[in-house]
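One letter stands for each residue in the lines below.
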Amino acid sequence: MSDSSSIPRHIAIIMDGNGRWAKERGLPRRAGHRAGAESVRECVEACKELGVEYLTLYAFSSENWNRPAAEVTALMALLERFLEEKADELMKQDVKLQAIGHLDRLPDRTRAKLNAAIERTAQNGSLTLVLALSYGSREELVEAARSLATDAAAGKIDPADIDGDLFASRLYTAGIPDPDLLIRTSGELRVSNFLLWQISYAEIVIFKKFWPDFHQADLFEAAKEYARRHRRFGAL
Ligand code: FPP
């Protein structure tokens with residue numbers, strides 16, 4: 001990892017397999033999510049060590065609202081605990097927290113804790129941890145299209161001026177560079193409505209293991225695999 005250009009600036013992760021990890025052990029699903037939160041902590045540390053600038057985690061999708069109420073409640077409680085307990089650590093490690101998604105749908109208490117942690121870490125700078133919460137990429141794209149159409153109808157923009165940059169500026173991720181590396185655990189070969197616009201040129205690395213079994217060494221391994229690949233962005 002000595003050549004800085006071979007280090008991904010932005011890593012995005014689809015953390016999959018918490019439920020199956022718990023099932024294998026005869027534990028409730030929430031135990032899998034709890035173990036998954038520990039993998040999150042390890043990945044933040046590994047990204048800091050590598051000099052990665054952005055780490056985006058798919059923590060709760062728009063489709064996850066359809067899970068049984070008890071599991072949704074457990075996930076929100078876990079997120080709240082993470083935000084409360086890890087805020088000191090994020091400060092110590094100079095990590096800035098951001099969130100993308102339909103955040104209005106989060107329970108008031110969860111949103112308040114999220115906003116408090118975002119405000120508290122706003123001046124940090126070495127790594128930005130982006131939590132995708134109540135996130136769905138199609139929703140994000142539709143909202144961007146709607147906002148441009150509204151501005152065009154009001155005469156604020158000329159439809160002819162709409163280009164990739166203007167479009168990207170209306171996404172939740174405005175100002176955040178596109179992911180260079182997308183990691184997914186549990187062996188599934190799907191992107192599951194995650195950052196569909198933003199991952200257009202991302203290198204994808206899939207791990208068979210479940211998310212709670214994903215440790216620092218795995219993140220380093222993914223970064224090494226990324227460095228081995230030759231990115232051409234469609235050119236020769
Ligand atoms: C996928 O496993 C994981 C999730 C839906 C939630 C991810 C949440 C965490 C890792 C918990 C903590 C996160 C933070 C940021 C504190 P799954 O339940 O879909 O697993 P399965 O496919 O085996 O059922």
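Residues numbered from 1 in each chain as written. Predicted model: local features only at pLDDT ≥ 70, side-chain atom pairs only at ≥ 80, totals over all residues. Heavy atoms only, no water.

Undergrad: Provide a residue-level description of the site of the ligand, including the pertinent values.
TA: Residues in contact with the ligand amount to 17 residues; listed here are only the nearest, Met15, Gly19, Arg20, Arg29 and Arg67. The separation between an oxygen atom of the ligand and a polar side-chain atom of arginine 29 is 2.9 Å. The separation between an oxygen atom of the ligand and a polar side-chain atom of arginine 67 is 2.7 Å. A total of 610 Å² of accessible area belongs to the ligand in isolation, and the protein chains cover 91% of it. Per-element tally for the shell around the ligand: the top contributor is helix H2 (residues 29-50), with four residues. (Near = heavy atom within 4 Å. Polar contact = N/O pair within 3.5 Å; in protein donor to acceptor, adjacent residues only side chain to side chain. Areas by Shrake-Rupley, 256 points an atom, 1.4 Å probe, with all protein chains shown as cover. Helix = DSSP H or I, 4+ residues; strand = E, 2+ residues; numbered from the N terminus.)

Undergrad: Could you give me a rundown of the sheet that holds strand E1 (residues 10-14), with the residues and numbers involved?
TA: An order of E3-E4-E2-E1-E5-E6 is seen for the six strands of this open sheet, with the pairing classed as parallel. Across the chains shown, the open sheet's two edge strands, defined by having one partner strand only, are strand E3 (95-100) and strand E6 (203-206). Each strand axis lies, on average, 20 degrees off the axis of its neighbour in the sheet, ignoring direction. As paired elements, E1 and strand E2 (residues 54-61) share four bridges and run parallel to each other. Note that in E2 the partner of isoleucine 11 across the bridge is leucine 55. (Pairing = 2+ DSSP bridges. Axes fitted to C-alpha atoms, helices over the stretch in contact; angles between N-to-C directions.)

Undergrad: Tell me what's going on with the side chain of lysine 86, and back it up with residues and numbers.
TA: Secondary-structure assignment places lysine 86 in helix H3 (residues 69-92). Glutamate 89 provides the closest opposite charge to the buried, unpaired lysine 86, separated from it by 4.5 Å. Among residues more than four places away in sequence, those in contact with lysine 86 are Arg41 and Arg81. (Buried < 20%, exposed > 50% of the residue type's maximum accessible area, 1.4 Å probe, protein only. Lys, Arg positive; Asp, Glu negative; His and termini not counted. Salt bridge = Lys/Arg side-chain N within 4 Å of Asp/Glu carboxyl O. Contact = heavy atoms within 4.5 Å.)

Undergrad: Talk me through the nonpolar core; I want residue IDs and the actual numbers.
TA: Core analysis: the largest hydrophobic core is formed by 43 residues, its most contacted members being Ile11, Ile13, Leu55, Leu129, Leu133, Ile183 and Leu219. For this core, the element with the highest residue contribution is H3, accounting for seven residues. The contact partners of leucine 129, leaving out residues within four places of it in the chain, are Val44, Leu55, Leu57, Phe82, Leu90, Val95, Lys96, Leu97 and Gln98. Counting 14 residues, the second largest nonpolar core, distinct from the first, contains Val130, Tyr135, Ile176 and Phe194. (Core = buried A, V, L, I, M, F, W, Y, C linked by side-chain atoms within 4.5 Å.)

Undergrad: Just give me the short version of the pairing of E6, but keep the residues and values in it.
TA: Only one face of E6 is buried, namely the one carrying Glu203 and Val205, since none of Ile204 and Ile206 on the opposite face is buried. Pairing between strand E5 (residues 181-184) and E6: four bridges, direction parallel. Residue arginine 184 lies in a different strand from E6, and its bridge partner there is isoleucine 206.

Undergrad: Account for the packing of aromatic side chains, with residues named and values stated.
TA: Tallying each qualifying case throughout the model produces eight aromatic pairs. Taking the centre distance of 5.0 Å and the plane angle of 20 degrees together, the rings of tryptophan 211 and phenylalanine 214 count as stacked. An aromatic cluster is defined as three or more aromatic residues linked by ring pairs; in this entry it consists of Tyr58, Tyr135, Tyr172 and Phe194. (Phe/Tyr/Trp six-rings, centres within 6.5 Å; stacked < 30°, edge-to-face > 60°.)

Undergrad: Describe the layout of surface pockets, naming the residues involved and giving the relevant values.
TA: When its volume is computed, the largest pocket comes out at roughly 640 Å³. Considering the residues around the largest pocket, the lining is formed by 30 residues, among which Met15, Asn18, Tyr58, Ala59 and Phe60 are closest to the centre. The set of elements that each furnish at least two residues to the lining of the largest pocket consists of helix H1 (18-24), H2, E2, H3 and strand E4 (127-135). (1 Å grid on protein atoms, 1.4 Å probe; cavity = no way out; pocket = protein on both sides within 12 Å on 5 of 7 lines; lining within 4 Å. Points joined across faces, edges and corners; volume = space filled by probe spheres on them.)

Undergrad: I'd like to hear about unusual backbone geometry, residue by residue, with values.
TA: Although it is not a glycine, serine 186 adopts a positive phi angle of roughly 75 degrees. Here serine 186 shows up in the loop between E5 and E6. Phi at asparagine 193 takes a positive value of approximately 60 degrees, unusual for a residue other than glycine. On the basis of relative accessible area, asparagine 193 is assigned to the buried category, the value being 16%.

Undergrad: Kindly report on empty space enclosed by the protein, identifying the contributing residues and their values.
TA: In the structure shown here, the tally under the stated rule is one cavity of 30 Å³ or more. One number sums up the size of the largest cavity: a volume of about 70 Å³. Around the largest cavity, the lining residues are Val40, Arg41, Val44, Phe82, Lys86, Glu89, Leu90 and Gln93. Every element with two or more residues in the lining of the largest cavity is listed here: H2 and H3. The element that contributes the greatest number of residues to the lining of the largest cavity is H3, accounting for four residues. Taken together, the residues of the lining of the largest cavity sort by class into four nonpolar, one polar and three charged. (Nonpolar A, V, L, I, M, F, W, Y, C, P; charged D, E, K, R; others polar.)

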